[in-house]
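Structural overview for review
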Amino acid sequence: MTRKILILFLLLALCFSSCLSESKQNTSLSDTAKQADFLLGGVCAFLMDGKDAQSWIASSLKDAPAAEWYAIAFRQMGGYDFSSCTDYFYTSFDSTSPRAAVTRQKFALALIAVGADLSPIQTAVDETIGAQGIMSWVYGLHLIRNGFESALYTEDTVIEKLLSLQLSDGGWALSGTVGNADVTAMTVQALAPHKKTEIVNASCERAISYLAKLQETEGGYKSYGVLNPETTSQVIVALTSMGIDPFTDARFIKNGKTLLDALSLFVLEDGSFSHTLSGASNPMATAQAFYSLVSYKRLLDGKSSLYEFDEAEKLSAFSSESAIPAYKWIASGAILFISIILMLVFFFLKKRNIKNFLFIFVIALGLIAFVFLSDFESADDFYSTTAVQKKNIIGSVNLEIRCDTISGEESPKHVPKDGTILKETAFPLSKGNTVYDILLEACRQNKIHMEKSGAEGMIYIVGIGYIYEFDFGDLSGWKYYVNGVSPSIGCDQYVLKDGDSIRWLYSLELGNDIEN
C-alpha cells in the first residue's frame, strides 16, 4: 500500500510540474503588463548579475554602455541614490567634443535626472541647443522642460522651431523631405508634454498617424531595410508620452501583432536584446528596450512621461527573473509528458517496483535541468583566426580601421586610445571581392566586432569594435574610403581591384571632419 501511495505521489508531482510550467509560460507571454515586467526583469538580471538595483547603480552604472540612458530609466523607476554617478556624467560631458552637441545634451539630461546641478556647465549646455540639427532642438526642449534655464532660448521658441521642421508627410527627419520613424518618434517625445497647446497636439497627431503607416506587418519598424528593436522602442516612448497605450491602440496592431510582439522578437536568453533578428547582444538595443518598457510602466501607473522628471515614486513591483526562451519550456514539457506516459505504462503492466519509478523521475528532472542550464550558442563561433583559403586570387588590397575622431585619454574604455582598431593589413583579393567582403574577412580573422544592416546590395555598417552610428552625435557613423575617396555606393557594391587601399573611419559629421 505504501508503495502505491509513493508511486501516485510521484505521478502527481510530475503532473503538477507540467501544469506549473505551462501556466508560467502562458501567464508570462499573454498579458502585456506581465510581459513588460518579465522583459524588464530580464534586463535587470542581465545587468546586475545578482546585485540589487541600488548596489548596481552605486558600483557599476557608470561602467555600463549607455550609462546615461540607464540613469534616466532608473531615475524614473524612483527611489534610488545616484550620488556616486554625478562626477562620471560631468566628466563625460566635459570630455565629449563640443561638435557632438547631441551627445553632450544626453549627458546633461542624465545629470538633471540624477539631481545634479547644471550651473557648472551652463554656458556649454546652452551652446548645444540647435547646434547639431533637429536632434539638438529635441534634446534642447527636454532640457528646458526639466528646468534648464537657457539664456538663448525659451520653450516656446524651441517648440516653434520643431514645428517648423515637420515635413509634409507628418514626420521629421535629419535631412531630406521624407520622414524618418526614429526622428519622428523622438520629436513627438519632446513635444508631448506641451500637447495641451492645440497646434502642438495637432502636429503630434499627424506624426502618430504617420508612424502608424510605417509600422511593419511584424508589428515593429525597419531601419535601412532591417527590422530592429530600437525604432520600435522609440515609438513606444512616443506613444506613452502622448498618453496612448502602445500595445492596445488599434492603429498600432498590424496583422494581429503589436509593438510588444515586435520588441519580444529580439530578446535573448540572458535577458538582453539584439539589434537584429538572431543577432548578438547589443548595448543600445538593450538600453532602449529597457527605458521604453519603463515608459510603458509609467503610463500604467498614471505617471508622467519618460523625460518629465517631476516625481521620484517607485513603480509597481516587477519580476527580476531573466527571460527564458520558449523552446526550453516546450522541451521540459515534452520530457514531463513522456515521463508520465512511461510511469503509467509501468503501472498498468504491474511492473511497480519503486526503483523503476524513481529512476524515471530522476532522469526526467536531470534532463529538465540540462535543458534549462545549457546554452547552445556562442558568439565566438563567427570568428576564426585562420586565414580564408581563397580562389581566383588576382592580387591584394590593404585595409585599415580607425576612430581618431573619438580617441584619446578620456575616451570610453572600448575606444582605442590611439584610434587604431586594425592597423593597415594586407588581404588577398579574389575576383569580384567587394569592400564589405574584405571588411568581413578582416573582422573574422582579428576577432573584431562588426554589425551591419540592410539587405544584399544595400548593406550598411552600423558598428565596428562596439562603436556604433549615433554614439557620438546624430551625424556620427562609419564611412569607407578607397584610395582616399569616399564612394557614393554601398560597401557591398564596390568591387575592388589589385592594389586598392581601404580605410574605414569613424566620423562625427557625415565625413566632413575626415581628412583623408
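Conventions adopted
Residues numbered from 1 in each chain as written. Predicted model: local features only at pLDDT ≥ 70, side-chain atom pairs only at ≥ 80, totals over all residues. Heavy atoms only, no water. Core = buried A, V, L, I, M, F, W, Y, C linked by side-chain atoms within 4.5 Å. Buried < 20%, exposed > 50% of the residue type's maximum accessible area, 1.4 Å probe, protein only. Helix = DSSP H or I, 4+ residues; strand = E, 2+ residues; numbered from the N terminus. Contact = heavy atoms within 4.5 Å. pLDDT = per-residue confidence, 0-100. Phe/Tyr/Trp six-rings, centres within 6.5 Å; stacked < 30°, edge-to-face > 60°. Lys NZ or Arg CZ within 6 Å of the ring centre and 35° of its normal. Pairing = 2+ DSSP bridges. Axes fitted to C-alpha atoms, helices over the stretch in contact; angles between N-to-C directions. Parallel < 35°, antiparallel > 145°, perpendicular 65-115°, else oblique. Left-handed = near helix turned anticlockwise from the far one by under 90°. Nonpolar A, V, L, I, M, F, W, Y, C, P; charged D, E, K, R; others polar. Salt bridge = Lys/Arg side-chain N within 4 Å of Asp/Glu carboxyl O. Patch = residues over 30% accessible without salt bridge, like charges linked within 9 Å, V, L, I, M, F, W, Y side chains within 5 Å. Areas by Shrake-Rupley, 256 points an atom, 1.4 Å probe, with all protein chains shown as cover.

Counting residues in each nonpolar core, the largest one holds 96 residues, and the members touching the most others are Leu 61, Tyr 70, Phe 74 and Phe 290. The leading source of residues in this core is helix 14 (residues 283-300), at nine residues. In this view, Phe 74 contacts Cys 44, Met 48, Ala 53, Trp 56, Ile 57, Tyr 80, Phe 82 and Phe 290; residues no more than four positions away in its chain are not counted. Counting residues in hydrophobic clusters, the runner-up holds 33 residues, among them Cys 403, Val 435, Cys 443 and Tyr 480.

A few words now on the confidence of the model for the protein chain. Averaged over all residues, the pLDDT of the protein chain equals 85, while 86% of them reach at least 70. A low-confidence stretch, residues 18-30 (pLDDT under 50), is modelled with eleven contacts involving residues beyond four sequence positions or located in other chains.

As a further point, take the packing of aromatic side chains. All told, the structure shown has 18 aromatic pairs when counted by the stated rule. Judged by centre distance (6.0 Å) and plane angle (80 degrees), the rings of Phe 74 and Tyr 80 are edge-to-face. What makes Phe 74 buried here is its relative accessible area of 0%. Residues Trp 478 and Tyr 506 carry aromatic rings whose centres are separated by 5.3 Å and whose planes lie at 75 degrees to one another, so their mutual orientation is edge-to-face. On the criterion of sequence distance, the pair formed by Trp 478 in strand 8 (residues 477-482) and Tyr 506 in strand 9 (residues 501-507) is long-range, its members being 28 residues apart. The same class applies to Trp 478 as to Tyr 506, namely buried. Taken together, the ring pairs in this structure connect Trp 56, Tyr 70, Phe 74, Tyr 80 and Phe 290 into an aromatic cluster. The ring centre of Phe 93 lies 4.3 Å from the NZ or CZ of Arg 104, which sits over that ring. The ring of Phe 252 has Lys 254 lying over it, and the distance from NZ or CZ to the ring centre is 5.8 Å.

Turning next to the sheet that holds strand 6 (residues 460-464). Read across the sheet, three strands follow the order 5-6-7 without closing on themselves; strand pairing throughout is antiparallel. The sheet is open, and its two borders are formed by strand 5 (450-453) and strand 7 (467-468), each paired with just one other strand.

In the contact formed by helix 4 (residues 67-77) and helix 6 (residues 101-113), the axes pass within 9 Å of each other and the chain directions differ by 30 degrees. With respect to each other, helix 4 and helix 6 are oriented roughly parallel. Crossing angle aside, the handedness with which helix 4 passes helix 6 is left-handed. For the pair formed by helix 4 and helix 6, the contact residues are Glu 68, Trp 69, Ile 72 and Arg 75 on the first element and Lys 106, Phe 107, Leu 109, Ala 110 and Ala 113 on the second. Across the contact of helix 4 with helix 6, the residue classes break down as six nonpolar, no polar and three charged.

Further remarks concern the pattern of salt bridges. Scanning the entire structure with this criterion turns up eight salt bridges. Here Arg 402 makes a salt bridge to Asp 404, at a shortest N to O gap of 2.7 Å. Here Asp 404 falls in the partly exposed class, since its relative accessible area comes to 40%. When salt bridges that share partners are traced, they join Glu 400, Arg 402, Asp 404 and Arg 503 into one network.

Attention shifts here to unusual backbone geometry. A negative phi holds for most residues other than glycine; trans holds for most peptide bonds. The phi torsion at Ala 66 lies on the positive side, around 65 degrees, for a residue other than glycine. With respect to the secondary-structure elements, Ala 66 resides in the loop between helix 3 (53-60) and helix 4. The phi angle at Asn 483 is positive, at roughly 55 degrees, despite the residue not being glycine. Here Asn 483 shows up in the loop between strand 8 and strand 9.

Burial of strand 8 is extensive: five of the six residues sit out of reach of the surface. Sheet topology note: the strand 8/strand 9 ladder contains six bridges and is antiparallel. Residue pairing for strand 9: Gly 477 is matched across the bridge by Ser 507.

Together, Phe 337, Ile 338, Ile 341, Leu 342, Leu 344, Val 345, Phe 348 and Leu 349 make up an exposed nonpolar region whose accessible area comes to about 770 Å². By the element assignment, Val 345 lies in helix 15 (residues 326-348).

A separate point is the sheet that holds strand 9. The sheet built from four strands is open, its strands ordered 4-3-9-8 with mixed pairing. Of all the strands in the sheet, just strand 4 (420-430) and strand 8 have a single pairing partner and so form its edges. Pairwise comparison of adjacent strand axes, ignoring direction, gives a mean angle of 20 degrees for this sheet. Its contacts with the sheet place helix 17 (residues 435-446) against strand 3 (393-402), strand 4, strand 8 and strand 9, and it is angled at close to 120 degrees to strand 4.

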